[in-house]
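Results of the structural survey
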Amino acid sequence: MKLSKEKLQSDKLSCLDNTEKAEESETASSGGKRKVVKESSESPDSPEFSRWLMKSEPDSRFENGIDVKFGIEDLKALPDQTGCWDGVRNYQARNFMRQMKEGQSAFFYHSNCKEPGIAGIMKIVKEAYVDHTQFDRKDVHYDAGSKPDNPKWSMVDVQYQRMLKRYLPLSELKKYHLQQRAKGGPLKDMALFTRARLSVQPLTTEEFDFVLSLEDKEPL
DNA sequence: GCCAACGTTGGC
DNA sequence: GCCAACGTTGGC
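Keep in mind that this is a model prediction, so the values were computed, not measured.

Overview of the overall build of chain A
Of regular secondary structure, chain A possesses six helices and 10 strands. The proportion of buried residues among the 220 residues of chain A is 49%. Partitioning the contacts of chain A with sequence separation of at least 6, the portion at a separation of at least 24 is 73%. Accessible area of chain A: about 11,200 Å², with a carbon and sulfur share of 51%.

Encoded structure:
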């Protein structure tokens, strides 16, 4: 996953988005089937999430000669501390992004680094629209199978809010998760552990608030 | 529509 | 660098 600065300008052009297209969604994870369904994201009674966790890599890593590094400091450094979350190429992650509403909060999670964990908080400032990198042959996340008249991939814009008072390592969150999986507690079903490889995940408000409360506690 | 092979993610 | 977990692909 990566965000990038160059993308911001083109955002303005894409205001006449594809609200219609964003309404259709391929089925989440059903093994390659690409069914196109008329939307209501999932099942009509699927829980509505309002908090999120989004993963990105803070360290340099080269994919096809391109550095995919994008940590919270990189987001903070962008104009208006705002960037687009492009490059998501997983249907479940994409569908969660399509459920995001302006103003909602998301944790910025640092993955694939020395100490993975939650670094800070950001806010959704623009709801899902076409991820233009899917059409860019030069881009790491170019998708030859996606056509401009029926784009497959979406992204949202996010704005930096703040760092957590202290970095919350995955290892610590995991201790709480294991503890609470046994005895009960807000993190017992946290997607970070039950859906380990998903790069955009929903959190219940209970999960979100509990994680947030940890920044005022001593490391476990 | 099943499922084995394959590829990727990402913690360790 | 290894490899487990798991999503995706494609043959049947």
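Read on, since the account is not over.
What about helix 6 (residues 205-213)?
Along helix 6, the residues classified as buried are Glu 207, Phe 208, Phe 210 and Val 211. The arc enclosing the buried residues of helix 6, seen along the axis, measures out at 165°, which places them on a common side. Those residues of helix 6 that are buried lie in contact with strand 3 (51-56), strand 7 (105-110), strand 8 (117-130), strand 9 (154-169), helix 4 (170-183) and strand 10 (200-203).

Points about the environment of Gln 179
Positionally, Gln 179 belongs in helix 4. With residues up to four places along the chain from it excluded, the contact list for Gln 179 reads Gly 184 and Leu 220.

Calculation criteria
- Residues numbered from 1 in each chain as written.
- Chains lettered and ligands numbered in written order.
- Predicted model: local features only at pLDDT ≥ 70, side-chain atom pairs only at ≥ 80, totals over all residues.
- Heavy atoms only, no water.
- Helix = DSSP H or I, 4+ residues; strand = E, 2+ residues; numbered from the N terminus.
- Buried < 20%, exposed > 50% of the residue type's maximum accessible area, 1.4 Å probe, protein only.
- Contact = heavy atoms within 4.5 Å.
- Areas by Shrake-Rupley, 256 points an atom, 1.4 Å probe, with all protein chains shown as cover.
- Arc of directions from axis to C-beta.

All we've got here are geometric facts, nothing functional implied.
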